[in-house]
Amino acid sequence: MSTVPANTAATEPVTGPDAPIEGGRRMPPMLKRALAYAVLVVFACFYIFPFLIEIGTAFKTDPDATANAMNPIPKTWTTDAFRRLADANFDRWFANSVIVALFVTAGRLFFDSLAGYALARLHFRGRKAIGAAVIAVMAVPGVVLLIPKYLVLVQLHMYDHYAGMIIPLMADAAGVFIMRQFFISIPVEIEEAARIDGAGTFRVFWSVVLPMARPALITLTILSFQGSWNEYAHFLVATQSPDLKTLTTGVGGLVSGQLSAGNQFPIKLAAATLMTIPVAAVFFIFQRYFIRGATAGAVKG
Amino acid sequence: MSEPSPTETASVAAVTLASTEEKPAPRRTRRRHPRRPRRHDEVETQNGAGWLFVLPVVIILGLFLFLPVIAAMWVSVSNWSGKGSPVHADFVGFDNYRKLLTTSGLAQRDLATSVRNNMYYVLLVVPLQTIVALGLALVLNARRLKGKGFFRTAFYFPSVTSTVAIITVFLFLFTASGSINTMLEWFGIHGPRWFSDSRGVLHQLLSGIGVLDPKHPPGWMTGHRFLGITFYEWLAGPSVAMCALIFLAVWTTGGTFMLLFLAALQDIPDDLLEAASVDGASSAQAFRKVTLPLLRPTMFLVITLGLIGTWQVFDQVQLGTKGGPSKTTITPAYLSYDTSFTGGKWGQGAAISFILFGIIIVMNIIQRIIMRERRPKSARHQRRVIFDSR
C-alpha cells in the first residue's frame, strides 16, 4: 500500500540491468537495447516529472494547483505567485544567498588550494599530522556539529552576522583534499625550475602552480558554489534576523510554517523554482566538471 | 578493511576517497621525501611557508570544528540553559546522558523513538539507493546506447538542487489529492494522506497478513520495554510519512551514487568481460564473478557514505514534517536541534549529538566487520574462521 512507490523504485532497476544481462545469450541485441531504453525512459519520467510539476504549478492559481495536481500545464496562466514572492522579501534572500556564495567560494578556492599545496609539496614539521587531521575532520558528521557551532558563534560574537554565516564555511576539508590530490599529480620539475630562477614559495604557488590547477579549481568552484547556495542547517543555527535570511532559510520558513496549512503551493513552488535556477545554470554550463567533482563532493554525505 | 588497491585510472576522486583512510596517498608523499635534495636552509624556509599556507584552514577548521566539539562536550555535562556564557554553567556529571538513556521519562522515550525512526530509514534507504544507483549505472554503461548524457543528467540533477526546493515539491506531490495519489488511483489504489499518516508500515503489513491484531497486540510485545518504549513500538516499522521521506532520499541520492558506480564500471577493462565470455561464462555469470567483485571498493564507499548520510537526516524533517505525525519522523539529529533550540535544554541536546556520533561510529565499525567477513580470504583464513566458530 504505502510501500508501493518504494517498491517500484526497488524492483525496476533490478530487473532492468538483470534482464539485458541475463538474457545475453538468448535475447537478441535489439530487444536487449529496447529493454534498456524502456527502463531508462521510465526512470527519466520519474526524475523529470517532479520538476515539470514544480515549474508548471508556479504559474497556477491556488485552486487550479489543488484540483489538477497531476497536470503540469496551468488552466489559466498567472504570475501572481511571483508577485507575492516579491512582497515576501524574496529579493533580499536572493541577495544574501549571492553574497554568501561568492565569499564562501572565493575563500574556499584560496584557502583550500593554499593548504592543499602545502600538504602536497612543502616540507614542514607537522605536515603529516595536519594531513591526517584534515582527513579525520571529513569523517565528522556535520549534523552533529550544529549545536556546538551555534555555541561557538555566540561566544565569538558572530551569531546573527554575515561573518558567522560565511567564515565557518570558508574552508572545507574535502576541498583541501581535492586540491592536495591534484597537486600531487602534477610534475615537480616545473616548480623546481621556477624556484631555481629565484621565485619565492608563494610566487611559485601563485604564478606557476595555480594556473596549472585550472580543472581542479573549476571543480572546487562548482562544489563550493553549489554547497553554499544549498546550505540550510548552518544558516538555520547561525542567524535569526529576517534580514539575514538566505534563499534556503527564507523559502524554508515559507514552506514549513509562515503560510501555515493553507494549500498555497504556487507561491512555494515558484520560490523553489527560482532558487533552483542559478544552480541549474551552473550545472548545465559546467556539467563536465560537476560530474567529475560529484564523486569527490559526495564525501560530505 | 584492507582495501584491494583500486584501479589507478580515471574516477580518481571516487577511488581515492574509497581508500581515504588507507595508506596509498600518504605513502606516495612519503616516498618523495628522500628523493629531494634536503638543504638545511630550504627546509627552514618551508617550515615557515608551510605553516603559513595551512594556517587559514587550520584556524577555520579549529574554530568551527574542533572547538565546537570541545564546547559541546562541556555543555553535554552541564546544565546550561542557553543564556549567558556556557562557561559559567554548573557541572552536572552524566545527568543528561542518564536522562536520555537510563532514566525512564519523556527524554528517554523521545530518543528511543527517534533512533527507531531513523533505524528504519537507514534500513530502507541504504539498500534501495544502492540498488537504484547500481541498476541505473549498469543500464547506462551498456555499449551503443544513445542519449546517455541526457539520462545521466536527468538522474543526477536532483542531487544538485537544494533540499529545500526538493522537499517543497515532495510536500506537494504527496498531498492527499496530489500527483502520487492521483497516479495510485489509476491502479485502483486509494493512497494515504502521506505526511499526516503515522501508521507504522510493519504493523500494517503484519496485521494485513493476520499475524498481528493492532487492537490487541500480544502481551509480551507491550509488556517489555527497551529504552523506554515497548517492543511493539520498536516493531512499528517506518510510518507512512517516513516512507515519503525515504522515497525522497532514494530519489535524490540515487543519482549521486550512480555516478560513482558509473565511474567504476568504466574502469573495468572490456577484455576482462570478453575473456569471461570466451571461457563460456553467461552474462549473468560474468556479472557475478567479474563485474561485481571489481565494484567492491565502490560498493563499500557507497554503503559507507549512505550509512553516514542517512543517520544525519535533518533538513527534510526540519522543513517538512517537524518530527510529526505523532513523532514518527523525529530523528536524533532533529531531536537534538529541537531539544536545544525549542526546548532550551542545551545540555540534553548536546548529549544527543554525541550519542548520534556514537551511533554513526558503531554503525561504520559493524559495516566494516560485515563487509570484511564476506570477502573470500585465503583458504587458511577461511579454515580458521570455520574452526574458530565451532
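These numbers come from a predicted model, not from an experiment.

### A closer look at the overall build of chain A
In terms of helices and strands, chain A carries 16 helices and 0 strands. Across the 301 residues in chain A, those meeting the buried criterion constitute 48%. For chain A, long-range pairs separated by at least 24 residues make up 75% of all intrachain contacts whose partners lie at least 6 apart in sequence.

### What about the overall build of chain B?
Summing up its helical and strand segments, chain B has 19 helices and 2 strands in all. In chain B, which comprises 390 residues, the share counted as buried stands at 46%. Nonlocal contacts in chain B, meaning residues at least 24 apart in sequence, comprise 68% of its contacts between residues at least 6 apart.

### A word on the confidence of the model for chain A
Chain-level statistics for chain A give a pLDDT mean of 83 and a share of 85% at 70 or above. This model gives residues 297–301 of chain A a pLDDT under 50, and the stretch forms 14 contacts once residues within four places in sequence are excluded.

### Re the nonpolar core
Judged by nonpolar contacts, the single largest core of 177 residues is most densely connected at Ala244(B), Ile246(B) and Phe261(B). Top element by residues in this core is helix 12 (residues 240–266) of chain B. It accounts for 20 residues. Here this core gathers at least three residues from each of two domains, domain 1 (4–84) and domain 2 (88–300) of chain A.

### What to know about the environment of Leu101(B)
Structurally, Leu101(B) is set in helix 4 (residues 95–101). Residues Leu101(B) and Ile352(B) lie 251 residues apart in sequence; the distance between their C-alpha atoms is 9.9 Å.

### Points about the packing of helix 4 (residues 80–87) of chain A against helix 15 (residues 265–285) of chain A
All names here are of chain A. Contact geometry of helix 4 with helix 15 gives a least axis separation of 8 Å together with a crossing angle of 75 degrees. Relative to helix 15, the element helix 4 is oriented roughly perpendicular. Here Ala-81, Phe-82, Arg-84 and Leu-85 of helix 4 come into contact with helix 15, specifically with Pro-266, Ile-267, Ala-270 and Ala-271. Residues that form the contact of helix 4 with helix 15 fall into these classes: 7 nonpolar, no polar and 1 charged.

### Regarding unusual backbone geometry
A positive phi angle, near 70 degrees, is found at Asn89(A), a position not held by glycine. Mapped onto the fold, Asn89(A) is located in the loop between helix 4 and helix 5 (90–121). Under the C-beta neighbour-count criterion, Asn89(A) is labelled partly exposed, with 14 such atoms within 10 Å. One non-glycine residue, Ser326(B), lies in positive phi territory at about 50 degrees.

### Things to note about the domain arrangement of chain A
All names here are of chain A. Taken domain by domain, chain A comprises domain 1 (4–84) and domain 2 (88–300). Counting residues at the interface gives 12 residues for domain 1, matched by 10 residues for domain 2. Listed by contribution, the elements that provide at least two residues to the side of domain 1 that touches domain 2 are helix 2 (29–58), helix 3 (62–67) and helix 4. For the side of domain 1 that touches domain 2, the element with the most residues is helix 2, which contributes 4 residues. Taken together, the residues of the side of domain 1 that touches domain 2 break down into 5 nonpolar, 3 polar and 4 charged.

### What to know about the interface of chain A and chain B
How big an interface is tends to be stated in terms of the accessible area lost upon association of its parts. The partner chain B presents 108 residues to the 96 residues of chain A that form the contact. When grouped by side-chain class, the residues that make up the side of chain A that touches chain B number 66 nonpolar, 21 polar and 9 charged.

### Observations concerning the packing of helix 5 of chain A against helix 12 (residues 214–230) of chain A
All names here are of chain A. At a minimum axis distance of 8 Å, the contact between helix 5 and helix 12 shows a crossing angle of 140 degrees. The hand of the helix 5/helix 12 crossing is right-handed. Together, Ser-97, Val-100, Ala-101, Val-104, Thr-105, Arg-108, Leu-109, Asp-112 and Ser-113 of helix 5 and Leu-217, Leu-220, Thr-221, Ser-224, Phe-225, Ser-228 and Trp-229 of helix 12 make up the contact between the two elements. Broken down by class, the residue content of the contact of helix 5 with helix 12 amounts to 8 nonpolar, 6 polar and 2 charged.

### As for the environment of Ala193(A)
Residues and elements named next belong to chain A. Within the element layout of this structure, Ala-193 appears in helix 10 (residues 189–196). Among the residues examined, Ala-193 registers 12 C-beta atoms within 10 Å and is labelled exposed. Separated by 11 residues in the primary sequence, Ala-193 and Val-204 have C-alpha atoms spaced 9.7 Å apart.

### Section: helix 17 (residues 332–342) of chain B
Residue and element names in this part refer to chain B. Summarising burial for helix 17: 9 of the 11 residues are buried, a large majority. Every buried residue of helix 17 is accounted for by Pro-332, Ala-333, Tyr-334, Leu-335, Ser-336, Tyr-337, Asp-338, Thr-339 and Ser-340. One or two residues past the end of helix 17 sits Gly-344, with phi positive at roughly 70 degrees.

### A few points about the confidence of the model for chain B
Residues and elements named next belong to chain B. Considering every residue of chain B, the mean pLDDT works out to 80; 84% of them sit at 70 or more. When mean pLDDT is compared element by element in chain B, helix 5 (residues 106–140) scores highest at 93, while helix 1 (residues 12–18) scores lowest at 34. Counting interchain partners and residues more than four positions distant, the pLDDT-below-50 stretch residues 1–44 has 50 contacts. Taken together, the stretch residues 377–390 has pLDDT below 50 and engages in 1 contact with residues farther than four places along the chain or on a different chain. Interface confidence in the predicted complex, given as ipTM, is 0.82; pTM for the same model is 0.82.

### A closer look at the environment of Trp234(B)
All names here are of chain B. One can find Trp-234 in helix 11 (residues 231–234). Linking Trp-234 and Tyr-120, residues 114 residues apart in sequence, is a C-alpha distance of 9.8 Å. For Trp-234, the contacting residues outside a window of four places in its chain are Arg-116, Phe-226 and Ile-229.

### Some thoughts on helix 12 of chain B
Residues and elements named next belong to chain B. In a regular helix each residue adds 1.5 Å, so 27 residues correspond to 39 Å; helix 12 covers 38 Å between its end C-alpha atoms and thus fits that length. Of all bends in helix 12, the biggest is about 35 degrees, found at Gly-254. A large share of helix 12 lies buried, amounting to 25 of its 27 residues.

Quick notes on the rules
- Residues numbered from 1 in each chain as written.
- Chains lettered and ligands numbered in written order.
- Predicted model: local features only at pLDDT ≥ 70, side-chain atom pairs only at ≥ 80, totals over all residues.
- Helix = DSSP H or I, 4+ residues; strand = E, 2+ residues; numbered from the N terminus.
- Buried ≥ 20, exposed ≤ 12 C-beta atoms within 10 Å, placed from the backbone.
- Contact = placed C-beta atoms within 7 Å.
- pLDDT = per-residue confidence, 0-100.
- Core = buried A, V, L, I, M, F, W, Y, C linked by C-beta atoms within 7 Å.
- Domains from an automatic or database assignment.
- Axes fitted to C-alpha atoms, helices over the stretch in contact; angles between N-to-C directions.
- Parallel < 35°, antiparallel > 145°, perpendicular 65-115°, else oblique.
- Nonpolar A, V, L, I, M, F, W, Y, C, P; charged D, E, K, R; others polar.
- Left-handed = near helix turned anticlockwise from the far one by under 90°.
- Expected span 1.5 Å × (residues − 1).
- Bend = angle between axes of the 7 residues up to and from the residue.

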